[in-house]
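Listed below are the residues making up each chain.
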Amino acid sequence: MLHVEESGLAQAAELIRNAQRPVILAGHGVIESGAMEQLRTLAERAQVPVALSLLGLGGFPASHPLNLGMMGMHGEAWVNDAIQESDLLIACGMRFDDRVIGKPSTYALKAKKIHIEVDPAEINKNIKVDVALVGDLGEVLEQLLPRIAGRDGSKWIRTIEESKGVVAVRDIKNLPDSGHLYAAHVMHDLWRITGGNAIVVTDVGQHQMWEAQYFHHETPRSLITSGGLGTMGFALPAAIGAKMACPDKEVWVIAGDGGFQMTAAELSTIVQENLKINIAVINNGYLGMVRQWQEFFYEKNYEATPLVSPDFVKLADAHGIAGRAVKTRAEVDAAVDEARKHDGPYLLNFLVEKEDSVYPMIPAGSSLHEMIRRPESNPLVESAGDK
Ligand SMILES: Cc1cc2nc3c(=O)[nH]c(=O)nc-3n(C[C@H](O)[C@H](O)[C@H](O)COP(=O)(O)OP(=O)(O)OC[C@H]3O[C@@H](n4cnc5c(N)ncnc54)[C@H](O)[C@@H]3O)c2cc1C
Ligand SMILES: Cc1ncc(C[n+]2csc(CCOP(=O)(O)OP(=O)(O)O)c2C)c(N)n1
Ligand SMILES: [Mg+2]
């Protein structure tokens, strides 16, 4: 085991002991290191709430009371607010990506920062830190934990809870059926119906963010996504890999109508290899994430984003794959059940609202405080139910 310098461990332990408003930032390195247990012990013992990066989702259970949710551009409002107010960030296997920090010169200015990271090149690259512990996360935490005593974090945790207020718009189960189909509903329902017990492989775009927000991941590697690489066309072939690696697991592709078309030829591979993969195409008729930027920042100049697609159910049928289109929320349960029960791959073509947007959003390069929140008029906030 690599030994981290005593002085670094002592400094980190002291910062944690003295912090009033600490936040753990948990990233992909948690999963890469297999440090889920050590992270949990740190969070529980020191009573520090945990924010996750997109690639960290599943590294700390979504249902854990200390789990705040996702940070960053499309992260929860209260998470980004808590980071900005924090007096100590404990970054665990995350690299302060630009989608996470927004404008670097305005990021978490009140916070001391501890960075636990295996790659020295990541230290002080985007964000200057006060203590760097270089090494495998699990091994570093093993050495740090004996120095961490129990703390009372209840005041700060309560402050964050209270700050959620009306922005806690994820509770959409009991929303009355408006006759429209929102992608967020589809994600929520897929999570509810599968009990979250599936490997979800997403493509790139709005659907990827809605999945991260509304499908709650309890375990590592239950979400496979290409992160900052933004690899459109990733989901279908990557799901083939996931199913080959984990044949007993339920595997769902969640792809946009744009990205799906980039690698749709892999439907043949699915048939050839006889793989039971369920496919949800979130069909909004647009390169939706780019359309959203055009709406917010380019006066709705929808240049090159409206999409003509083939009939995806017919495309599946041409491959010998069963499928159906889903147009309203009332149809979702039966359609998902049918896909799951079907003996063989199945494609669901969800015809969702065309001009819906992912909220909240921090415009690229802006401070985390400059968050665009969901407008009151947006139907997803009309009614809150249980999760
Ligand atoms: C449309 C779109 C929107 C996005 N919006 C968001 C968003 O709102 N929020 C968000 O979080 N992301 C978002 N992303 C993803 C973002 O671009 C990054 O991919 C992501 O934030 C990176 O997370 P990470 O730093 O945890 O993972 P990585 O980039 O994989 O970095 C992991 C870090 O952990 C280190 N590490 C690896 N193994 C170990 C180990 N054993 N021990 C210690 N350290 C280790 C690595 O060296 C690396 O520095 C978005 C991407 C897209 C395409
Ligand atoms: C190969 C490639 N081209 C362009 C982009 C930029 N881009 C990011 S999201 C997106 C739109 C994706 O549209 P769609 O697959 O329909 O998903 P939606 O956003 O509508 O859910 C585009 C074009 C990219 N990431 N990769
Ligand atoms: Mg689309």
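Residues numbered from 1 in each chain as written. Chains lettered and ligands numbered in written order. Predicted model: local features only at pLDDT ≥ 70, side-chain atom pairs only at ≥ 80, totals over all residues. Heavy atoms only, no water.

K.L.:
Which parts of the structure should I look at to understand the overall build of the protein?
P.N.:
When its secondary structure is counted, the protein shows 15 helices and 12 strands. Expected size for 387 residues packed as a compact globule is a radius of gyration near 21 Å; at 21 Å, the protein falls within 12% of this value. With the C-alpha coordinates aligned to their principal axes, the bounding extent of the protein is approximately 65 × 45 × 35 Å. For the protein, the residues scored as buried account for 55% of the 387 residues in total. In the protein, the proportion of contacts linking residues at least 24 apart, taken out of those at least 6 apart, comes to 72%. When the accessible surface of the protein is summed, it comes to about 16,300 Å², and 51% of that surface belongs to carbon and sulfur atoms. A distance of 4 Å separates the average location of the 36 positive side-chain charges in the protein from that of its 50 negative side-chain charges. (Helix = DSSP H or I, 4+ residues; strand = E, 2+ residues; numbered from the N terminus. Rg over C-alpha atoms; globule rule 2.2 N^0.38 Å. Buried < 20%, exposed > 50% of the residue type's maximum accessible area, 1.4 Å probe, protein only. Contact = heavy atoms within 4.5 Å. Areas by Shrake-Rupley, 256 points an atom, 1.4 Å probe, with all protein chains shown as cover. Lys, Arg positive; Asp, Glu negative; His and termini not counted. Charge placed at Lys NZ, Arg CZ, Asp CG, Glu CD.)

K.L.:
Could you clarify how one ought to interpret the pairing of strand 5 (residues 112–117) in this entry?
P.N.:
The two faces of a sheet get side chains in turn, since along a regular strand they alternate between them. With 5 of its 6 residues buried, strand 5 lies for the most part within the structure. Sheet topology note: the strand 5/strand 6 (residues 131–134) ladder contains 4 bridges and is parallel. Residue pairing for strand 6: Glu117 is matched across the bridge by Val134. (Pairing = 2+ DSSP bridges.)

K.L.:
Hey, could you run me through the packing of helix 8 (residues 183–194) against helix 9 (residues 206–214) in this one?
P.N.:
The description of two packed helices rests on the angle between their axes and on the distance between the axes. In the contact formed by helix 8 and helix 9, the axes pass within 9 Å of each other and the chain directions differ by 45°. Here helix 8 lies oblique to helix 9, going by the angle between them. Read as a crossing pair, helix 8 and helix 9 show a hand that is right-handed. Contact residues: Ala183, Ala184, Met187, His188 and Trp191 in helix 8; His207, Trp210, Glu211 and Tyr214 in helix 9. Looking at the contact of helix 8 with helix 9, its residues break down into 6 nonpolar, 2 polar and 1 charged. (Axes fitted to C-alpha atoms, helices over the stretch in contact; angles between N-to-C directions. Parallel < 35°, antiparallel > 145°, perpendicular 65-115°, else oblique. Left-handed = near helix turned anticlockwise from the far one by under 90°. Nonpolar A, V, L, I, M, F, W, Y, C, P; charged D, E, K, R; others polar.)

K.L.:
Explanation requested: the site of ligand 1 in the structure shown.
P.N.:
As a structural note, the neighbourhood of ligand 1 is formed by 32 residues, with Ser53, His74, Arg95, Glu117 and Gly228 the closest of them. Met73 has a polar backbone atom sitting 3.1 Å from an oxygen atom of ligand 1. Here an oxygen atom of ligand 1 sits 2.4 Å away from a polar atom, N or O, in the side chain of Arg95. Protein chains shield 90% of the accessible area of ligand 1, which is 990 Å² for the free molecule. The cavity where ligand 1 resides is the largest pocket. Those elements that provide at least two residues to the shell around ligand 1 are helix 2 (28–33), helix 5 (98–101) and helix 9. At 4 residues, helix 2 tops the list of elements feeding residues into the shell around ligand 1. The residue inventory of the shell around ligand 1, partitioned by class, reads 11 nonpolar, 13 polar and 8 charged. (Near = heavy atom within 4 Å. Polar contact = N/O pair within 3.5 Å; in protein donor to acceptor, adjacent residues only side chain to side chain. 1 Å grid on protein atoms, 1.4 Å probe; cavity = no way out; pocket = protein on both sides within 12 Å on 5 of 7 lines; lining within 4 Å. Sits in = over half its atoms within 2 Å of the grid points.)

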